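Residues per chain are reported as follows:
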Amino acid sequence: MVKFDEKNQVDSVNGALALRPEIESIVDRYLTAGIRNLCWLGIGGTWASCLQVVCHMKESTDMDVFAANAAEYCATGDLRIGEGTLVVISSVTGTTAEVVDAVKLVRQRGAKVLGFIDKPDSELAGLVDECISYKSNEQLKFFMTADYILYRQGRFQDYAAYYAQLEAHLAKDLVEIEKQTDSFAEEFARKHMNDALHYFVGAGCLYGATYSYAMCYWEEMHWIRTKSIHSAEFFHGMLEVVDLETPITVFVGEDSQRELGLRVAKFLPRVCKNYTVIDTRDYPLEGIDDVYRGRLCHLVLHAVTNRIDAHLEALSGHDMTIRRYYRKVDY
């Protein structure tokens, strides 16, 4: 398998799960002090992760939980953010200009900031109230934070049992999914690597992943033109431009919005022959109860798209780290 290091991936996921006591300790302090709302703040791919975790939380809590786009916040502000707000961010480099500016503003307004920042000596790490530094696994770190808040609110009584299963099985399960899907991923990459425009459709916790995969991966990393759309909106515009040859991929998850994805998947065979449905239910999670699968479908999908990315890179010869403009020119 190209670009696949099983031990590294297992160690990476298990290392992220081991952050849970540190996350719990920080969240305990803020909950004890009293927080009235929770803001997940990001830009680009991190904003997409914010959308995922907000979708996850809003079914289970009456706390005001929302996602803020860092650049939009710097331009417009948000009066919900202030004293009593906990802002959660994530950054690989710790230097993203929009997030740096936004964190400065929310701090001025009295909000507290928890940052998952890979580089502890970065500018952002010096601006936040609490910093946890560990590479990768952004969504897992976000969801661990969200789940503990839900647990403390009495909204997730299975918290301990759930994370015991994840610590025992998740890392191995995800690499097994990558192995299982590798042949499909290569075939998919060969078929679509030269698409003039590819549509990605998703809903629920997978909508943030859909947006991120289209924008961060195919556009930014592979330089392939895409459009992402929420499954609920597919029937209010996009369906009119679909024909037999339109390249479409539908991501179907297992949370409460599963039926929105299935609705698109059931419609497409009537009008299109160039579609793919990636349903996270098709991939086993050994040792993890089925009742928890909706909480994990975004990680299952990421394991599948990891393999597509690896094959796209190998087949195209285009290194995913190369950028034309991002961090290359002033804008």
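Our subject is the structure listed above.
Just so it is clear, the structure is predicted and the values come from calculations on it, not from any experiment.

Trainee: Explain the overall build of the protein chain to me, using residue names and the numbers behind them.
Mentor: Looking only at helices and strands, the protein chain features 11 helices and nine strands. Relative to the compact-globule value of 20 Å for 331 residues, the protein chain shows a C-alpha radius of gyration of 20 Å, a close match. The C-alpha extent of the protein chain, read off along each of the three principal axes, is 55 × 50 × 40 Å. Residue pairs in contact within the protein chain that sit at least 24 positions apart in sequence constitute 78% of those at least 6 positions apart. By element, 49% of the accessible surface of the protein chain is carried by carbon and sulfur atoms, the whole surface being about 14800 Å².

Trainee: Please give an account of the pattern of salt bridges that cites residues and values.
Mentor: Per the stated rule, a full pass over the model turns up 25 salt bridges. Note that Glu24 is salt-bridged to Arg20, the shortest N-O span being 3.1 Å. One end of the pair, Glu24, and the other, Arg20, are both in helix H2 (residues 20-33), four residues apart, so they sit about a helical turn from each other. Comparing Glu24 with Arg20 shows no difference in burial state: the two are buried. A salt bridge links Arg293 to Glu254; the nearest nitrogen and oxygen atoms lie 2.6 Å apart. Placement of the pair is Arg293 in helix H11 (residues 293-316) and Glu254 in the loop between strand E8 (248-252) and helix H10 (258-267), with a sequence separation of 39 residues. Several salt bridges share partner residues, and in doing so they unite Glu6, Lys172, Glu176 and Lys179 into one network.

Trainee: Quick one: what's the story with the packing of aromatic side chains, residue by residue and with numbers?
Mentor: One pass over the full model with this rule turns up 22 aromatic pairs. Ring geometry for Phe235 and Phe267: centres 5.4 Å apart, planes at 75°, overall edge-to-face. Residue Phe235 is located in the loop between strand E7 (226-230) and E8, and its partner Phe267 is located in helix H10; the two are separated by 32 residues in the primary sequence. Here a set of aromatic residues connected by ring pairs shows up, and it is made of Tyr148, Tyr151, Phe156, Tyr159, Tyr162, Tyr163 and Tyr292. If you follow Arg80 out to its NZ or CZ, it ends over the ring of Phe66, 3.7 Å from the centre.

Trainee: Just give me the short version of the sheet that holds strand E4 (residues 112-117), but keep the residues and values in it.
Mentor: With parallel pairing, the five strands of this open sheet are ordered in space as E2-E1-E3-E4-E5. Each having just a single partner strand, strand E2 (64-69) and strand E5 (130-132) make up the two edges of the open sheet. The sheet shows a mean angle of 20° between the axes of neighbouring strands, taken without regard to direction. Sheet topology note: the strand E3 (residues 85-91)/E4 ladder contains six bridges and is parallel. When the bridges of E4 are listed, Ser91 appears paired with Ile117.

Trainee: Can you lay out helix H5 (residues 97-108) for me, pointing to particular residues and giving the numbers?
Mentor: Over its 12 residues, H5 runs 17 Å from end to end, which matches the ideal 16 Å to within 8%, given 1.5 Å per residue. All of the buried residues in H5 are Val99, Val100, Ala102, Val103 and Val106. For H5, the angular spread of buried residues about the axis comes to 165°, placing them on one side. Of the surrounding secondary structure, the elements contacted by the buried residues of H5 are strand E1 (37-42), helix H4 (70-76), E3, E4 and helix H6 (123-127).

Trainee: Residues and numbers for a nonpolar patch on the surface, please.
Mentor: There is a patch of nonpolar side chains on the surface, built from Tyr325, Tyr326, Val329 and Tyr331 and spanning about 490 Å² of accessible area. For Val329, the location among the structural elements is in the segment after H11.

Trainee: Account for the nonpolar core, naming residues and giving values.
Mentor: Counting 70 residues, the largest nonpolar core has Leu38, Trp40 and Leu170 as its most contacted members. A total of 12 residues in this core trace back to one element, the largest contributor, which is helix H8 (residues 159-192). Once residues within four sequence positions are removed from consideration, Trp40 is found in contact with Cys50, Val53, Val54, Met57, Val65, Phe66, Ala67, Ala68, Val88, Phe142, Thr145 and Ala146. Counting 20 residues, the second largest nonpolar core, distinct from the first, contains Phe66, Ala70, Val113 and Ala125.

Trainee: Explain the side chain of His56 residue by residue, including any values.
Mentor: With respect to the helices and strands, His56 occurs in helix H3 (residues 45-58). Excluding anything up to four places from it in sequence, His56 contacts Phe143, Ala146, Asp147, Leu150, Cys205 and Arg295.

Trainee: Any chance you could break down the packing of helix H1 (residues 6-17) against H8 for me, citing the residues and the numbers?
Mentor: At a minimum axis separation of 9 Å, H1 and H8 run at an interaxial angle of 155°. By the criterion of interaxial angle, the relationship of H1 to H8 is roughly antiparallel. In the packing of H1 onto H8, the handedness of the crossing is right-handed. Of the residues in H8, those in contact with Glu6, Gln9, Val10, Val13, Asn14 and Leu17 of H1 are Tyr163, Leu166, Glu167, Leu170, Ala171, Lys172, Leu174, Val175, Glu176, Glu178 and Lys179. A class-by-class count of the residues in the contact of H1 with H8 yields nine nonpolar, two polar and six charged.

Trainee: Quick rundown of the pairing of E8? Include the residues and the values.
Mentor: In terms of residue burial, E8 counts as a mostly covered element, since five of its five residues are buried. By the alternation rule, side chains of E8 split into Ile248, Val250 and Val252 and Thr249 and Phe251, which are all buried. For strand E6 (residues 198-202) and E8, the ladder comprises three bridges, and the chain directions are parallel. Its bridge partner being in E8, Phe200 is matched across the sheet by Thr249. Summarising the sheet, E8 and strand E9 (residues 275-279) pair through five bridges and their orientation is parallel. By the bridge assignment, Phe251 is partnered in E9 with Ile278. Between E8 and its parallel partner E9, the chain crosses via H10, and the hand of that crossover is right-handed.

Conventions used here
- Residues numbered from 1 in each chain as written.
- Predicted model: local features only at pLDDT ≥ 70, side-chain atom pairs only at ≥ 80, totals over all residues.
- Heavy atoms only, no water.
- Helix = DSSP H or I, 4+ residues; strand = E, 2+ residues; numbered from the N terminus.
- Rg over C-alpha atoms; globule rule 2.2 N^0.38 Å.
- Contact = heavy atoms within 4.5 Å.
- Areas by Shrake-Rupley, 256 points an atom, 1.4 Å probe, with all protein chains shown as cover.
- Salt bridge = Lys/Arg side-chain N within 4 Å of Asp/Glu carboxyl O.
- Buried < 20%, exposed > 50% of the residue type's maximum accessible area, 1.4 Å probe, protein only.
- Phe/Tyr/Trp six-rings, centres within 6.5 Å; stacked < 30°, edge-to-face > 60°.
- Lys NZ or Arg CZ within 6 Å of the ring centre and 35° of its normal.
- Pairing = 2+ DSSP bridges.
- Axes fitted to C-alpha atoms, helices over the stretch in contact; angles between N-to-C directions.
- Expected span 1.5 Å × (residues − 1).
- Arc of directions from axis to C-beta.
- Patch = residues over 30% accessible without salt bridge, like charges linked within 9 Å, V, L, I, M, F, W, Y side chains within 5 Å.
- Core = buried A, V, L, I, M, F, W, Y, C linked by side-chain atoms within 4.5 Å.
- Parallel < 35°, antiparallel > 145°, perpendicular 65-115°, else oblique.
- Left-handed = near helix turned anticlockwise from the far one by under 90°.
- Nonpolar A, V, L, I, M, F, W, Y, C, P; charged D, E, K, R; others polar.
- Right-handed = clockwise from strand over helix to strand, strands pointing away.

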